[in-house]
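Remarks on the overall topology
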Amino acid sequence: MSKKKQTKTTTFSLAQKDIHATQENMKRQESCSVFFLATVALIVAICVVPLTAEMSSCNFQYRKHRALKMDEALLTVNNELSTDVIVSWTSQECYQCLYQQLGVVTKALSPGQPSSSEFVVNTQHGLTIMLNETSAKQLCSAITFHFGERGNYSLWIKNLNKSSAADCSIVTDGEAVNSYIPILIAFLVFAGLALLLSIGRVVLGIEAVRRVYFQLTGSMETERLINSELGTPDRTVTAVTDNILPPPPSPSKRLRSLDTFRGISLIIMVFVNYGGGRYWFFRHSSWNGLTVADLVFPWFVFIMGTSIALSINMLLRSGSTRSSLLKKVLSRTLLLFLIGVVIINPNYCQGPLSWDNLRIPGVLQRLAWSYLVVACLDLLVARAHLDIITRDTLWSPVLDILLYWPAWLCVLLLEVIWLCLTFLLPVPGCPTGYLGPGGIGDMGLYTNCTGGASGYIDRWLLGENHIYQTPSSRVIYASRMPFDPEGVLGSINSVVMAYLGLQAGKIILHYRDQHRSIMSRFLIWGLGLGVISAILTRCSKDQGFIPVNKNLWSLSYVTTLACFAFVLLVLIYYIVDVRKWWSGAPFYYPGMNSILVYVGHEIFEEYFPFRWQMINSQSHAEHITQNLVATSCWVFISYILYRKKIFWKI
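Reading the values: the criteria
Residues numbered from 1 in each chain as written. Predicted model: local features only at pLDDT ≥ 70, side-chain atom pairs only at ≥ 80, totals over all residues. Heavy atoms only, no water. Helix = DSSP H or I, 4+ residues; strand = E, 2+ residues; numbered from the N terminus. Contact = heavy atoms within 4.5 Å. Salt bridge = Lys/Arg side-chain N within 4 Å of Asp/Glu carboxyl O. Buried < 20%, exposed > 50% of the residue type's maximum accessible area, 1.4 Å probe, protein only. Core = buried A, V, L, I, M, F, W, Y, C linked by side-chain atoms within 4.5 Å. Pairing = 2+ DSSP bridges. Axes fitted to C-alpha atoms, helices over the stretch in contact; angles between N-to-C directions. Disulfide = S-S within 2.5 Å.

**Focus: the environment of Ile 308**
Tracing the backbone shows Ile 308 in helix 8 (residues 296-317). Considering only alpha carbons, one finds Ile 308 and Ala 375, 67 residues apart in sequence, at a separation of 6.4 Å. When neighbours within four sequence positions are excluded, Ile 308 is seen to be in contact with Tyr 371, Val 374, Ala 375, Asp 378 and Leu 502.

Next up, the structure:
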């Protein structure tokens, strides 16, 4: 009997070795994956920069008149009229904007000998060009045209049958450069590597290949012992587990999809903060509307709310008191706020920091505020032991909301406050309820009204010198007033965004292990928020009741991004946690160390290898290469920290 027991113990020991070997094999595969991803940036640099340089040299003959920068084209205006012509322009991205003068083209030197002037125009968005006589008389209809980067164009102004009207037309003299090729190459490189890694995993699943792999990596002895003594590893492990040992403890319930979601948001945030290749759609929108850069911060706030729900529930179940958790929430909020103030006020080379122009709002400060309010609300209503919601009663579909009605009442009250302040607060010199950018927008009637009540409250509470001085509205709307996109009034809606994320966490808790119910609830929430967004915006960019606006963190911005977040979370949850088709790598690793990666990328932004002197700073290819290298470095750093089990928790 003792010999039989010893044999079974040996069997289990060998099975444990097999499990350990399998885990080590998976770690090696992950290591290979991250190594391949770390080399992506170098491959992109090798592929992208020479190709763009060749394209630029081929196009040089069209730019010999004037050196052009990124997002610029050359426009030559030829005037055959006997009067001077004023050339004005406005961007199609600029809603109800005043025309800005581009220049004046003198009258023709003589019949048949036009005068000409060269102008540099922007190529990021389509332009509307207006031609007027010096007497303000319009010569022809406004011309709408989207110029290509580094292209060469001619605008001809001719007499039309000796009438008072003129014939105006644009001719392409030199073809533009396709500035989006670097993005295509970078995408193909990343997609190709992902495909190679997927094929590699399938190949490693073949028994013969695995044996060779084990032999090369030093795991062959374990494989031989397992096969010779126990038969196939899977069958032996099952037998040992069933017959000798008690059932193993349940694995950790931490959902990889949540860390993957957080990692995706964080990596895109790092990429766009580093410049995003200097493409306009990787920068924040000038006012209304959405770009890629506008998506990530609300998603980060959303998933923070989800994590709050899961974390507080786990701590309450482990026996922590609400008062002790409240102390942790307060200390973490204070620390997060202080770190945010430090990293947005760098003063390494300008001498001592001046309190006169210290910026107070910021990204981490906004996160700290949202975390404080939502965590306190959840501590107010959270339950340590949750019942799984079934469909037995009529109110079951909304039970995950009714159980926490006091917190929802507080959130709705906050939203009412935002609506009242935004649309009812009188702002000196501005119309009540104004949501515009000021500057040249709204035909220049409200130049100093940028942000309406939101901007006014920030300037009144914090002072003009303590908020963001160069808002994105300056790019197109030429606004002159300071405005902070992380200001006081918008912080109310960031709380709403975080609480919607907390609702996602409550769904996961109440419908645990019911994948179909969890995904259906996520989709229902996404659909409902999408309908609200459609009503608020009237499915338009600028003409809705409340347009989507990142600078203001408008209500429609929150509902739209929350809609996207629920849908994206469904996809990631299904692929990563339900079907397990994807491990979440490489986004999973920065998602596990999000605060460290965010703070680190801000502090070391100007240091090598995150930035270096470029050969041609007016090349999208070089910028996107540098930004991809910097972002890939942080992915690799987060992977190393993950392997070393180093996680920075505040």
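**Things to note about the pattern of salt bridges**
A complete count under the given rule lists 10 salt bridges for this structure. Across the pair Arg 611 and Glu 605 runs a salt bridge whose closest N-O atoms are separated by 3.2 Å. Residue Arg 611 is classed as buried on the basis of its relative accessible area of 18%. We note a salt bridge from Arg 611 to Glu 606, for which the minimum N-O separation is 3.5 Å. Glu 606 gets classed as exposed once you look at its relative accessible area, which sits at 56%. The network of salt bridges with common partners includes Arg 359, Asp 484, Glu 486 and Lys 550.

**With respect to the nonpolar core**
Phe 302, Leu 367, Tyr 499, Leu 500 and Phe 522 are the most contacted members of the largest nonpolar core, which has 83 residues in total. What Phe 302 contacts, discounting residues up to four positions off in sequence, is Phe 261, Met 497, Ala 498, Leu 500, Gly 501, Ala 504, Ala 565, Phe 566 and Leu 569. Residues Leu 81, Val 87, Phe 147 and Tyr 153 belong to the second largest nonpolar core, which totals 22 residues.

**Focus: the sheet that holds strand 7 (residues 152-159)**
The strand order 4-1-7-8 describes an open sheet built from 4 strands, whose pairing is mixed. The open sheet has two edge strands with one neighbour each: strand 4 (115-122) and strand 8 (166-174). Neighbour to neighbour, the strand axes of the sheet diverge by 20° on average, direction disregarded. Bridge count for strand 1 (residues 72-79) against strand 7 is 6 bridges, and the pairing is parallel. If you follow Asn 79 over to strand 7, its bridge partner there is Ile 157.

**Quick look at unusual backbone geometry**
Following Ala 585, the chain continues to Pro 586 via a peptide bond in cis, the omega torsion being 0°. Along the polypeptide, Pro 586 turns up in the loop between helix 17 (555-578) and helix 18 (588-592). Residue Phe 608 is joined to Pro 609 through a cis peptide bond whose omega torsion reads 10°. In this fold, Pro 609 is placed in the loop between helix 19 (594-603) and helix 20 (620-643). Backbone geometry at Arg 150 places phi at a positive 60°, although glycine is not the residue there. For Arg 150, the position within the fold is in the loop between strand 6 (143-145) and strand 7.

**Regarding the state of the cysteines**
By definition, a disulfide links the sulfur atoms of two cysteine residues through a covalent bond. Evaluation of the coordinates by the stated rule reveals 3 disulfides. Here Cys 430 engages in a disulfide with Cys 449; their sulfurs sit 2.0 Å apart. Taking the torsion about the sulfur-sulfur bond, which here is approximately -95°, the covalent link between Cys 430 and Cys 449 counts as left-handed. Of this pair, Cys 430 sits in the loop between helix 12 (405-424) and helix 13 (453-461) while Cys 449 sits in the loop between helix 12 and helix 13, placing them 19 residues apart in sequence. The pair Cys 430 / Cys 449 is uniform in exposure class, with both members buried. Described in terms of the sequence order of its bonded cysteines, the disulfide pattern of the protein chain is 1-2, 3-4, 5-6.

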